[in-house]
Amino acid sequence: MNGNLYALLASRFPTDPSAPCLMLPDGSQIGYGAFQAGIGRLAALLRARGVEPGDRVAVQAPKTPESLMLYLATLKVGAVFLPLNTAYTEAEVRYFLDDAEPRLFVTDAVALAAEAAGLAPLEHVHEVAPEALAAIIYTSGTTGRSKGAMLSHGNLAANALALHEVWGFEPGDVLLHALPIFHVHGLFIALHCILLNGGPMIWLAKFDDEEVLRLLPKATVLMGVPTFYTRLLANPGFTHEAAAHMRVFICGSAPLLESTFAEFEARTGQRILERYGMSEAAIITSNPLHGERIPGSVGYPLPGVSLRIGGGAETGVIEIKGPSVFSGYWRMPEKTAEEFTADGWFRTGDVGRQDPDGRVWISGRAKDLIISGGYNVYPKEIELILDELPGVGESAVIGCPHPDFGEAVVAVIAGAGDEAAVIATARQSLAAYKTPKKVFFVDDLPRNAMGKVQKNVLRDRFKGAFGG
Ligand code: AMP
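What you are looking at is a predicted structure, and each value in this text was computed from that prediction instead of being measured.

Participant: So what exactly am I meant to see when it comes to the overall build of the chain here?
Facilitator: Tallying secondary structure elements over the chain gives 15 helices and 24 strands in all. Computed over C-alpha atoms, the radius of gyration of the chain comes to 23 Å, within 12% of the 23 Å expected from 2.2 N^0.38 for 468 residues, which places it in the range of a compact globule. By principal-axis analysis of the C-alpha atoms, the chain measures approximately 70 × 55 × 45 Å. Here the chain holds 468 residues, and the buried ones make up 54% of them. Counting every atom, the chain has about 19000 Å² of accessible surface; 54% of that belongs to carbon and sulfur. Of note, the chain has its 40 positive side-chain charges centred 2 Å away from the centre of its 51 negative side-chain charges.

Participant: Quick question: what am I supposed to make of the site of the ligand here?
Facilitator: Contacts to the ligand come from 15 residues, most closely from Glu274, Arg275, Ser279, Asp350 and Arg365. Within the contact set of the ligand, a nitrogen atom lies 2.7 Å away from a backbone nitrogen or oxygen of Arg275. One nitrogen or oxygen atom from the side chain of Ser279 is found 2.7 Å from an oxygen atom belonging to the ligand. Contact with the protein chains hides 91% of the accessible area of the ligand, taken as 490 Å² for the molecule alone. Broken down by element, the residue count for the shell around the ligand peaks at five residues, all from strand E12 (residues 273-278). Across the shell around the ligand, the residue classes break down as five nonpolar, five polar and five charged.

Participant: Would you take a moment to explain the pattern of salt bridges for this structure?
Facilitator: In a structure, side chains of opposite charge can pair up when their charged atoms sit close to one another. Tallying each qualifying case throughout the model produces 18 salt bridges. Note that Asp350 is salt-bridged to Arg365, the shortest N-O span being 2.9 Å. Taken as a pair, Asp350 in strand E18 (residues 346-354) and Arg365 in strand E19 (residues 360-365) lie far apart in primary sequence, 15 residues in all. For Asp350, a relative accessible area of 7% gives the class buried. One salt bridge in this structure joins Asp460 and Lys463, with 2.9 Å as the shortest N-O distance. Note on Asp460: relative accessible area 46%, which makes it partly exposed.

Participant: I would appreciate a short explanation of the domain arrangement of the chain in the present structure.
Facilitator: Note on interface size: it is often stated as the accessible area lost on association of the parts. By the assigned domains, the chain splits into domain 1 (5-360) and domain 2 (369-461). Summarising the inter-unit geometry, the C-alpha centres of domain 1 and domain 2 are found 31 Å apart. Facing 17 residues of domain 1, the contacting portion of domain 2 comprises 13 residues. Around 1100 Å² of area is buried between domain 1 and domain 2 when both sides are counted, 63% of it from carbon and sulfur atoms. Our count for the domain 1 to domain 2 interface comes out at zero salt bridges. Linking domain 1 with domain 2 are one residue pair in polar contact (both at pLDDT 80 or more), by the criterion used here.

Participant: Where do I start with helix H4 (residues 90-100) in this structure?
Facilitator: Count 3.6 residues to each turn of an α-helix, and residues three or four apart come out pointing the same way. Buried residues of H4: Val93, Phe96, Leu97, Asp99 and Ala100, and no others. Here the buried residues of H4 occupy an arc of 165° about the axis, which is enough to place them on one side. Away from its buried face, by an angle of more than 90 degrees, H4 presents the exposed residues Glu90, Ala91 and Asp98. Elements in contact with the buried residues of H4: strand E3 (56-59), strand E4 (80-83), strand E5 (104-106) and strand E6 (133-138). Once H4 ends, the next one or two residues include Glu101, with phi positive near 45°.

Participant: Help me understand the packing of helix H2 (residues 32-48) against helix H5 (residues 109-116) in this model?
Facilitator: The relative placement of two packed helices comes down to the angle between their axes together with the axis-to-axis distance. Where H2 contacts H5, the two axes come as close as 9 Å, and the packing angle between them is 90°. When the interaxial angle is binned, H2 and H5 end up roughly perpendicular. Every residue of H5 that contacts H2 at Arg41, Leu42 and Leu45 is listed here: Leu112, Ala113, Glu115 and Ala116. Considering only residue class, the contact of H2 with H5 consists of five nonpolar, no polar and two charged.

Participant: Hey, could you run me through unusual backbone geometry in this one?
Facilitator: Trans peptide bonds make up most of the peptide bonds, and negative phi angles are found at most residues other than glycine. One non-glycine residue, Ser253, adopts positive backbone phi at about 90°. With respect to the secondary-structure elements, Ser253 resides in the loop between strand E11 (248-251) and helix H11 (258-268). At Ala282, a residue that is not glycine, the phi angle is positive and equals roughly 55°. For Ala282, the location among the structural elements is in strand E13 (residues 282-286). For Ala282, a relative accessible area of 5% puts it in the buried group.

Participant: Where do I start with the environment of Leu196 in this structure?
Facilitator: With respect to the helices and strands, Leu196 occurs in helix H7 (residues 184-196). The class of Leu196 is buried, set by a relative accessible area of 2%. Note: C-alpha distance between Leu196 and Ile294 (98 residues apart in sequence) is 28 Å. Those residues in contact with Leu196, other than ones at most four positions away along the chain, are Leu8, Leu9, Arg12, Ala160, Leu161 and His164.

Participant: How do you make sense of the nonpolar core when you look at a structure like this?
Facilitator: Looking at soluble globular proteins, one finds that nonpolar side chains tend to be buried together. In terms of nonpolar packing, the biggest core is built from 118 residues, with Phe35 and Met223 touching the most fellow members. It is H7 that provides the largest number of residues to this core, a total of ten residues. Ala411, Ile413, Val422 and Leu430 belong to the second-largest nonpolar core, a separate cluster that totals 14 residues.

Participant: What should I look at first to understand the packing of aromatic side chains in this one?
Facilitator: How two aromatic rings sit relative to each other is set out by the distance from centre to centre and by the angle between their planes. The final tally for this structure, using the stated rule, is 22 aromatic pairs. Plain terms: the ring middles of Phe238 and Phe249 are 6.3 Å apart, the flat faces sit at 85° to each other, and that makes the pair edge-to-face. Taken together, the positions of Phe238 in the loop between helix H9 (226-234) and helix H10 (240-244) and Phe249 in strand E11 put the pair eleven residues apart, joining distant regions of the chain. On the numbers, 5.5 Å between centres and 45° between planes, the contact of Phe238 with Phe264 is tilted. Residue Phe238 is found in the loop between H9 and H10, and its partner Phe264 is found in helix H11; the two are separated by 26 residues along the sequence. Note on accessibility: Phe238 and Phe264 belong to one class, buried.

Thresholds applied
- Starting from 1, residues in each chain are numbered consecutively following that chain's sequence as written.
- Two thresholds apply to this predicted model, a pLDDT of at least 70 for residue-level local features and 80 or more for giving and counting side-chain atom pairs, whereas whole-chain, interface and lining totals are computed over all residues.
- By convention in this description, side-chain values take in all heavy atoms of the structure and omit both hydrogens and water.
- In this description a helix means any DSSP run of H or I spanning at least four residues, a strand means any run of E spanning at least two, and both kinds are numbered starting from the N terminus.
- All radius of gyration figures rest on C-alpha atoms, and the globule criterion is 2.2 Å times the number of residues raised to 0.38.
- Type-normalised accessible area, obtained with a 1.4 Å probe on protein chains alone, sets the label of each residue: buried when under 20%, exposed when over 50%, and partly exposed for intermediate values.
- Using the Shrake-Rupley algorithm and a 1.4 Å probe, accessible areas are obtained, with residue cover drawn only from the displayed protein chains.
- Under this rule, positive means Lys or Arg and negative means Asp or Glu; His and the chain ends count for nothing.
- In this description, the location of a charge corresponds to atom NZ of lysine, CZ of arginine, CG of aspartate or CD of glutamate.
- Near residues are defined by distance, with any heavy atom within 4 Å of the molecule or strand qualifying the residue.
- For the purposes of these results, a polar contact is taken to be a pair of N or O atoms within 3.5 Å, where, inside protein, one atom must be able to donate a hydrogen and its partner to accept one; residues adjacent in sequence count only when each atom of the pair is a side-chain atom.
- Note on residue categories: nonpolar means Ala, Val, Leu, Ile, Met, Phe, Trp, Tyr, Cys or Pro, charged means Asp, Glu, Lys or Arg, and polar means any other residue, Gly included.
- Whenever a carboxyl oxygen of Asp or Glu lies within 4 Å of a side-chain nitrogen of Lys or Arg, that contact is scored as a salt bridge.
- Either an automatic procedure or a domain database provided the assignment from which the domain bounds are taken.
- Any two residues having at least one pair of non-hydrogen atoms within 4.5 Å are treated as being in contact.
- Summed over both partners, the accessible area (1.4 Å probe) lost when two parts come together is defined as the buried area.
- Within this analysis, the arc is defined by the directions that extend from the helix axis to the C-beta atoms.
- All axes are obtained by fitting lines to C-alpha atoms, using only the stretch in contact for helices, and the reported angles, taken between N-to-C directions, cover 0 to 180 degrees.
- For classification, angles of less than 35 degrees are called roughly parallel, those exceeding 145 degrees roughly antiparallel, those between 65 and 115 degrees roughly perpendicular, and all remaining angles oblique.
- Remark: nonpolar core denotes a set of buried residues (Ala, Val, Leu, Ile, Met, Phe, Trp, Tyr, Cys) joined through side-chain atoms within 4.5 Å.
- Paired rings are identified among Phe, Tyr and Trp, the last through its six-membered ring, by centres lying within 6.5 Å, and are further divided according to the angle between planes into stacked (under 30 degrees), edge-to-face (over 60) and tilted (the rest).

What follows is the structure in C-alpha cells.
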C-alpha cells in the first residue's frame, strides 16, 4: 500500500466533486473536485520546476486556499513541506533556507497557482514508504538554533487516524479553521481530521472574534489556542445560544488557564476539551470526548502512545514513544541523540506527572524550572496561586539571577496591584523559597503566534531585577 499521507486523505474525499471542502467568509465555496484539481495542477507545476521526491519545498506565504493546496501538492509528489511563520524576518528565513536547502521557496502561493492554471492536473500520487519524510517543522526554539523536526508520512497518518477516532468526527461535522498553517496545530491536527472526514471547513485567514461569531452557526468543531477562547469570552456576543449547537471546542498549543475553562463553562455550559502536543510528535495526550475533562490536566495518552515520567520522581520530564514521534532533527544527529534516551524514548522537555489511571498533568517546560537556593521551583504552582488574586489577569513566574540564591522567583503579572500585598498573600500558601521576591506589573504578557507566553523575553527583560 502507498504510505503517502495524501493517498490516505484522498481515499476519504467525497466522490461528489461539488461536496464542499473550503467554505470561505464571503460565502463562496471550493468543492472537493476543484480542490483536488487545484492540488493536481500545483503538483504538476512542482514536477515541472524540477521538484523531486525528498526535495524540500519551503513556504512563507499568507494563509489562502492556494497555500493549503500547495501543502497537499507537495505531499502528493513525495516532496517535503517546510512551512515558515509569516512573521519571520528575512534574516531568520535565511537561516532556515541555508539549513534546509529547499529546491523551491514560495512566498506567493496564489501566483504559483495562477501559473499552474494551464497545466493538466497530475493524477498519480507518488508512492512512498511510511518512513519517508513528509514535513520539516522548525521548532519555535527560544534558545540556541531552531531545530527542524522531521515528520514522516507514517507519523502524520497515525496521529490523524487516532485523533479522527478519539475526537469522534462524524458525517456532518464542519470545522472552523482559524489557525495559522505554518504550525502543527493548524497544518496537521485541524486539517487532517477534517480531510479524513471528507468534510467541509470554514476557512478564515486569521482569527477574528467577530468573524468567528458570525460563522460559528455553520460549524460544529472549533480548534484553537487559549487566546481564541479568552477573546471569544471577552466578546459579549459569545453567548450560551451562540455555542449551543457546537459538538466540541478543542484547545491546545499552550496551557489553558483554569479560570478560562471555568468562565467558558459558566458562559456556554460546555467544557473545553484540552489536549497536549508538540512539533516533534503532533498530539500526545487528550482529555476524553466522552468522560471527564478536567481543567489543568491534558488528559490521557492517545491510543498507541506510551508515556512515562523520567528521573524516578513523581514529577519529572515527560518521555514518550509512539507512532507519531518524529525520527530526529534535520541534520543534527547529536541534538537528536541527546533528546532520546538509550532505550528509545523521546524527552519532551515538558515537566509533568501522571495519575495511576494514566491522566497527565503538565507543570511547565524543563527549561523554565527555577532553582533557587538549591530548591526546585515549578513556576506553574506559583502561577496557579497568583492567578486567583484580585486584580490579576494572568501571571508568569520566572527565575532571575540573584547574588545569593543563584536564581530567585520573580512574578510578572498582567494587571495592576500592590507588590507587597501580592507577596504577603502568596506567602500564606507558599514556602518562603517559592514566594516571589519581586513582582512586576505589565499590561500584557508577551506571547508568540501560538499564544505561548514567551518567558525568555521576560527573563531577559527582568534579568537585572536583583542588580548585576
Ligand atoms: P510547539 O512545538 O510549538 O507546538 O510547542 C509545543 C509545546 O507547547 C509543548 O512542548 C508544551 O510545552 C506546550 N503545550 C502544547 N499544548 C499544551 C497544553 N495543552 N498544556 C500545556 N502546554 C502545552
